[in-house]
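Residue strings, one per chain:
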Amino acid sequence: MSVSVLSKTRVRPWPLVTAAAVCLLSFAAFWVAQRLAHVNMLDVMVYRAEGETVRAGGDLYAMRATSANLGMTYPPFAALLFVPLTLVGVPLMRTLTTGGNLLLVVALVQLSVQLVRPSLSRADLWRATFWIAAVLVWCEPVWTTLRYGQINLLIAVAVLWDLTRREGSRWAGLGIGLATAVKLTPGLFVVLLLVAGVLLWRRDRSWNQWLRTAATATGVFLGTTLAVVVALPADSKKFWTETLFETGRVGFAEETANQSIRGVLARLMHTDDPGMWWAVTAALMGGAAMVVAVRAALRGDRAVAVVVCAFTALMISPISWSHHWVWCVPLLILLADRATHAWRVAGPVALVFASFALWWVPHDPGRPELDQNAGQMLLSAVYPLTTTALLAGYVLTRRKLRGTEAGHGVNAGRGTETGTEAPEPPLEAVPEQESRTAPERERQAVAKE
C-alpha cells in the first residue's frame, strides 16, 4: 500500500515556516546557478523587441531580434502584453523576469496540488507547495524556461487557475481564453471542456461547469482577438493568413529540443519534414489521448483529464520545445499522490525530467540531429516516449481495473446523479482515493558565444 506524499501522517509535519525557508533557499541557489551558467535570457529579449515594434508602429512579423535573428511567432496580442518590458532597462527586466518566473513556479505547484487534492487545508496546501516547489524548480523544463525568460509557466498557471475554480465560478475560462490568445496550443483545453460539457449535457440536460468554462474561454479568446484586429489590423491579417501556417518559421523540426511527435519522426526519418507521417500519427495519438481525457472528465477525475490534455497538446504540436514541458509539474504531483508504490513510478519519471538527457546528444548549428544513431534517438525522444509509456500504462491499468470490477459484479459505469463516479487511476497507476473534481539550435549557438 503506497502512502501519498500529500497525505497527513502520524508524524508531526514540518512547520510551515520551515518549508517556506527551504523553498527560499532552493530558489536562491537556483538563481545563483543560473547566473553562474551565464544564461542569456534570449526569448525575453525577443519579447522586448516585439513590444518596441508595437510602440514604433512597425511590422511585427518582419521584425528580427538578437544576434540569433529571431522573429515573432505568437499572435499579435502577445506583443501588446510585452510592451511593459520596454519601460525598464534590460538588467532590471531580466531580474524581474527571473523573479516573476520563480513566483510562477510556486503558483504552478500550488494550483497543481489543488487540482490533485482539492480537499487539503490551507496550511497543508502551502506546506506541500513550498516543499514541492523547492525540488521541482530544478527540473529541465523549468530551468530552461527561466534560462530563456520564456512564458510557459504563465500559460500553465492561467490554464490551471481556470480549472481549479469552485463550481459555478463566473471567472472560470478567462485564463484559458487569454492563454489561447497569446499562444494557440491552450485551445485544446477548450476542446476538452466543450466535448465533456456536451456529453454531460446530453445525459443530464443541464448547463454544467464544463460548458460554462468552455463558453467563457471561447468568448474571451474571440473578444481579445477581435480587439487586437482593430488595434493592429495589418499584423493581425498577416498572422492569421500567413504566419500561422509557416511552421518552419519557429525552427527546424529535427532539433533535439523539439520534443513533439513531429520532432521524433523527423529525427527517426533523418529529414526536416516528416510530412503526412506526422499528420497521421499526431491525429491517431492525439485522438486516442483526448478520448482518455474526456472519459476521465466524465468520471469526475479532473486531474487526470487536465494532465492528459496538456501532454496531448505538447505531443501533437508541430514544435514543442523542451521548456514547453513545464506540465511535468502537475504530472509528477499526480503520480506521487495517486500511484501504488508511488516512488516506483514518480521517481523514474522525475529522473527523466531532471536528467537533461535530451541534451546529451549532439545539438549544434551543423544539424547533427539528422544523422542520429539509435541510442541518440532514444535520448532525444525521452519526453514523448515517457508520456506515451505512461498513457499506455494508464489505459492498461484502467482496463484491468474494469475487468476486476466486472469479476466482482461491480457496475463500473455506475455513477451518481451528477454523473461522477470513482475517478480514473493516474497515469500507469491505480488511485488510492477519490479526487474531485526561437529556434533552439540558434539559442544554443548564442549561448556558446
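Residues numbered from 1 in each chain as written. Predicted model: local features only at pLDDT ≥ 70, side-chain atom pairs only at ≥ 80, totals over all residues. Heavy atoms only, no water.

## Concerning the confidence of the model for the protein
This prediction gives the protein a mean pLDDT of 87; 88% of its residues lie at or above 70. Here residues 411–422 is a poorly scored stretch, pLDDT under 50, and it has 19 contacts once near neighbours within four places are set aside; other chains count. Throughout residues 424–449 the model reports pLDDT below 50, and contacts reaching past four residues in sequence, or to other chains, amount to 122 contacts. (pLDDT = per-residue confidence, 0-100. Contact = heavy atoms within 4.5 Å.)

## A short note on the pattern of salt bridges
Using the criterion set out here, one finds 9 salt bridges in the structure. Across the pair arginine 48 and glutamate 52 runs a salt bridge, and its minimum N-O distance is 3.5 Å. Here the residue arginine 48 and the residue glutamate 52 both occupy positions in helix 2 (residues 42–56), the gap between them amounting to 4 residues, near one helical turn. Judged by its relative accessible area of 12%, arginine 48 is buried. One salt bridge in this structure joins lysine 238 and aspartate 59, with 3.3 Å as the shortest N-O distance. One end of the pair, lysine 238, is in helix 11 (residues 233–241); the other, aspartate 59, is in the loop between helix 2 and helix 3 (76–81), with 179 residues separating them in the sequence. Here lysine 238 falls in the partly exposed class, since its relative accessible area comes to 24%. Using a relative accessible area of 36% as the deciding quantity, one classes aspartate 59 as partly exposed. Residues joined in a network through salt bridges with shared partners are Glu254, Asp272 and Arg367. (Salt bridge = Lys/Arg side-chain N within 4 Å of Asp/Glu carboxyl O. Helix = DSSP H or I, 4+ residues; strand = E, 2+ residues; numbered from the N terminus. Buried < 20%, exposed > 50% of the residue type's maximum accessible area, 1.4 Å probe, protein only.)

## Comments concerning the packing of aromatic side chains
Aromatic ring pairs are defined here through the distance separating the ring centres and the angle between the ring planes. A full pass over the atoms with the stated rule returns 12 aromatic pairs. On the basis of an interplanar angle of 15 degrees and a centroid distance of 4.2 Å, the ring pair of tyrosine 47 and phenylalanine 82 is categorised as stacked. With tyrosine 47 in helix 2 and phenylalanine 82 in the loop between helix 3 and helix 4 (90–116), the pair connects residues that are 35 residues apart, well separated along the chain. Each member of the pair, tyrosine 47 together with phenylalanine 82, is buried. When the ring centre of tryptophan 278 is taken as origin, the NZ or CZ atom of arginine 262, which lies over that ring, is 5.6 Å away. (Phe/Tyr/Trp six-rings, centres within 6.5 Å; stacked < 30°, edge-to-face > 60°. Lys NZ or Arg CZ within 6 Å of the ring centre and 35° of its normal.)

## Here's the deal with empty space enclosed by the protein
Estimates place the volume of the largest cavity at around 130 Å³. Contributing to the lining of the largest cavity are 12 residues, with Ala289, Thr312, Met315, Thr387 and Leu391 lying nearest its centre. Those elements that provide at least two residues to the lining of the largest cavity are helix 13 (276–298), helix 14 (302–316) and helix 18 (382–407). For the lining of the largest cavity, the element with the most residues is helix 14, which contributes 5 residues. Looking at the lining of the largest cavity residue by residue, the class counts come to 8 nonpolar, 4 polar and no charged. (1 Å grid on protein atoms, 1.4 Å probe; cavity = no way out; pocket = protein on both sides within 12 Å on 5 of 7 lines; lining within 4 Å. Points joined across faces, edges and corners; volume = space filled by probe spheres on them. Nonpolar A, V, L, I, M, F, W, Y, C, P; charged D, E, K, R; others polar.)

## Examining the environment of tryptophan 201
Turning to its location among the elements, tryptophan 201 is positioned in helix 9 (residues 187–204). For the pair tryptophan 201 and leucine 211, spaced 10 residues apart in sequence, the C-alpha to C-alpha distance is 8.3 Å. In this structure, tryptophan 201 is in contact with Ser206, Trp207, Asn208 and Leu211, ignoring residues within four places of it in sequence.

## Observations regarding the nonpolar core
Formed by 127 residues in total, the largest nonpolar core has its most connected members in Phe189, Trp327 and Phe353. With 12 residues, the top contributor of residues to this core is helix 14. Those residues within four positions of tryptophan 327 in sequence are excluded, and the remaining contacts are Ala156, Val159, Leu160, Phe189, Val306, Ala310, Phe311 and Leu314. (Core = buried A, V, L, I, M, F, W, Y, C linked by side-chain atoms within 4.5 Å.)

## Remarks on unusual backbone geometry
Keep in mind that most residues, glycine aside, have a negative phi and that most peptide bonds are trans. Positive phi, normally seen in glycine, also occurs at histidine 270, with a value near 55 degrees. Note that histidine 270 resides in the loop between helix 12 (261–269) and helix 13. Judged by its relative accessible area of 40%, histidine 270 falls in the partly exposed class.

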